[in-house]
Amino acid sequence: MSFKFNMPKAGLTMVEGTISEWFVNEGDTVNKGDIVLSYENEKTVIDCECPESGIIHILTEPGDTIKVGDPVAVIAENMEEYNTLLISAPSSAASSETAEDTETKQEEVAKPSETVSETKASGARVKATGLARKIASNEGIDLHDVNGTGPNGRIVAKDVTDYSQKAAVAPVAAAKGREASAPSEEPVLIPMSGARKAIANNLRNSISTMVQASSSTEMDVTDLFELRAKLVAQKEKIGIKITINDLLVMAAVKVLAKHPLLNATFDGEVVTSYPHVNINIAVGAESGLAIPVVKNCELKTLSELSTALRDVAVRARNGELKPGEQSGGYFTISNVGMYPIDHGSPIANAPQVGLFAFGRTLDRLEMRDGEIVVRKKMHVMFVFDHRVFDGLEQGRILSDLQLYLEHPELMLI
């Protein structure tokens, strides 16, 4: 009996996913639990396990966007059942085959192990995102000729467009004896990837469903940097190199534990406050913004929190987050201090009711005890749902955050 392999639902807001890459070939024998494909959704690329064992009949191609619950493949129990699938329900990729082609295909897949080894030996499979494959297909580009700059050498959309532009100007440059020529005046149409569409939809949903308000203030983080320097000097004993981001998150955890209404979600009628502090951390990646979750933060020491933050950040940038690792968060933190950004207008992650964003740190001259001194100042932004908080409450929240950032020894107690 055949088994439908449907697009899984990874996260509450997922409605569709874009096929990024198949790791198996048509007619391969697969086992339950094998990683057989990756798809883009919820701002990341997710590896997907095969739900059953058998012979796989692939219904989709890289670049296809499939709704949750719709089939991406069918798993046949045996070769007889698989051959029936090929004849009665061919995939879109095989719909143009003649009867003779189908018979030939059946003969070829009768020995799937040989086909797999031959494909792997020839190195025919190329790691590329779904968007990169779609652009390459539209422009007739062989992905074997493109160098990948993404995680683990994966080819991303920019690699394909760069290759296309270089290929377009090469004949002109050779004819004129120059290394480059004037760029084309024709506009370039760049379709949005599944991950980018998910980001856009989430942002639109947040704006349309929340009454978002924000406050921004400049805080003195001189002592915070001094504490960090002391902790770095003891990194051998601590076991990890503490970062400023680690301390910012720890301060936020302390504030959330003190203000349960902030560690909450709001559905428009009821505010739900949670017993544990689960924080989404905004991480910039090639495929788009990722927001992995670090759970039970209030139970972690500073070194444990630092280890967890580093782990999810690295895997988010490499596109290695697992399904569900971006859901279940009750508050979001965004640190843009590594860029020339002082303050801005971040968007909270609905149905969460708040977000802290931290800008870059600058040295400022300040008068203290009759002397001009240099102090480190950082802009801190607080975005909140005005339906849940009024001015008094958001002022108290920022005051508590300021207390921990300007007197960081308190967060270690």
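Structure shown above.
Keep in mind the model is a prediction, meaning the values are calculated, not measured.

A.B. asks: What exactly am I supposed to notice about the overall build of the chain here?
C.D. replies: Across its full length, the chain carries 11 helices and 18 strands. For the chain, the residues scored as buried account for 44% of the 413 residues in total. Taking as baseline every contact in the chain between residues at least 6 positions apart, the subset at least 24 positions apart corresponds to 62%. As displayed, the chain offers around 21,600 Å² of accessible surface, 52% of which is attributable to carbon and sulfur atoms.

A.B. asks: In this structure, what is going on with the pairing of strand β2 (residues 16–22)? I would like to understand it.
C.D. replies: Most of β2 sits inside the fold, with six of its seven residues counted as buried. Across three bridges, the pairing between β2 and strand β7 (residues 65–67) is antiparallel. Looking across to β7, one finds that Thr18 is bridged to Thr65. As paired strands, β2 and strand β4 (residues 35–41) are joined by four bridges and run antiparallel to one another. Directly across from Trp22, in β4, lies its bridge partner Leu37.

A.B. asks: Would you mind going over the packing of aromatic side chains with me for this structure?
C.D. replies: Within a pair of aromatic rings, the relevant descriptors are the distance that separates the centres and the angle that separates the planes. Under the counting rule described, the total for this entry stands at six aromatic pairs. Ring plane angle 70° and centroid distance 4.9 Å describe the contact between Phe331 and Phe356, whose orientation is recorded as edge-to-face. On the criterion of sequence distance, the pair formed by Phe331 in strand β16 (residues 331–335) and Phe356 in strand β17 (residues 354–368) is long-range, its members being 25 residues apart. Both residues of the pair, Phe331 and Phe356, count as buried. Their ring planes at 85° and their centres at 6.5 Å tell us that Phe384 and Phe389 sit as a pair that is edge-to-face. Overall, the relative accessible area of 3% leaves Phe384 in the buried class. Through a chain of ring-to-ring contacts, three or more aromatic side chains come together here, namely Phe331, Phe356, Phe358, Phe382, Phe384 and Phe389. The ring of Phe225 is capped by Lys376, whose NZ or CZ atom sits 5.4 Å from the centre of that ring.

A.B. asks: Before we go on, may I ask you to explain the nonpolar core in this structure?
C.D. replies: As a rule of thumb, nonpolar side chains are buried together in soluble globular proteins. Membership of the largest hydrophobic core comes to 53 residues, with the highest contact counts inside it found for Leu247, Leu262, Ile279, Phe356, Phe358, Leu401 and Leu405. With 10 residues, helix α9 (residues 244–258) is the single largest residue contributor to this core. Ignoring any residue separated from it by four or fewer positions in sequence, one finds Leu262 in contact with Val255, Leu256, Tyr330, Phe331, Val353, Gly354, Phe356, Phe382, Phe389 and Ile397. Core analysis: the next-biggest nonpolar cluster, separate from the first, contains 20 residues, Met7, Met14, Val30 and Ile58 among them.

A.B. asks: How do you make sense of the sheet that holds β16 when you look at a structure like this?
C.D. replies: Sheet strands pair via backbone hydrogen bonds, and the direction of the pair is either parallel or antiparallel. The mixed open sheet is built from six strands, whose spatial order is β9-β18-β17-β16-β12-β15. Looking along the sheet, the strands with just one partner apiece sit at the ends: β9 (212–220) and β15 (293–294). Note that β9 and strand β18 (residues 371–385) share nine bridges and pair antiparallel. Across the sheet, Met219 pairs through a bridge with Met378, a residue of β18. Contacts between helix α11 (residues 391–406) and the sheet are confined to β9, β17 and β18, with β9 contributing the most and set at about 30° to the helix.

A.B. asks: I would appreciate a short explanation of the pairing of β18 in the present structure.
C.D. replies: Two faces, one strand: in a regular strand the side chains alternate between the faces of the sheet. Relative to β18, β17 runs antiparallel, the two sharing 13 bridges. Opposite Glu366, over in β18, you have Val373 as the bridge partner. The loop that links β17 with its antiparallel partner β18 comprises two residues; one of these, Asp369, has a positive phi angle of about 50°.

A.B. asks: Teacher, can you tell me more about the pattern of salt bridges here?
C.D. replies: Two side chains with opposite charge may pair up if their charged atoms get near one another. Counting across every chain of the model gives 11 salt bridges. A salt bridge links Arg315 to Glu325; its shortest N-O distance comes to 2.7 Å. With a gap of 10 residues between them, Arg315 in helix α10 (residues 302–317) and Glu325 in the loop between α10 and β16 connect regions that are remote in the sequence. The buried category is assigned to Arg315, whose relative accessible area is 15%. Glu325 sits in the partly exposed class, given a relative accessible area of 21%. With a shortest N-O distance of 2.7 Å, Glu366 and Arg368 are connected by a salt bridge. For Arg368, a relative accessible area of 35% translates into the label partly exposed. Salt bridges linked by common partners bring Asp220, Glu366, Arg368, Arg375 and Lys377 together as one network.

Rules of the game
Residues numbered from 1 in each chain as written. Predicted model: local features only at pLDDT ≥ 70, side-chain atom pairs only at ≥ 80, totals over all residues. Heavy atoms only, no water. Helix = DSSP H or I, 4+ residues; strand = E, 2+ residues; numbered from the N terminus. Buried < 20%, exposed > 50% of the residue type's maximum accessible area, 1.4 Å probe, protein only. Contact = heavy atoms within 4.5 Å. Areas by Shrake-Rupley, 256 points an atom, 1.4 Å probe, with all protein chains shown as cover. Pairing = 2+ DSSP bridges. Phe/Tyr/Trp six-rings, centres within 6.5 Å; stacked < 30°, edge-to-face > 60°. Lys NZ or Arg CZ within 6 Å of the ring centre and 35° of its normal. Core = buried A, V, L, I, M, F, W, Y, C linked by side-chain atoms within 4.5 Å. Axes fitted to C-alpha atoms, helices over the stretch in contact; angles between N-to-C directions. Salt bridge = Lys/Arg side-chain N within 4 Å of Asp/Glu carboxyl O.

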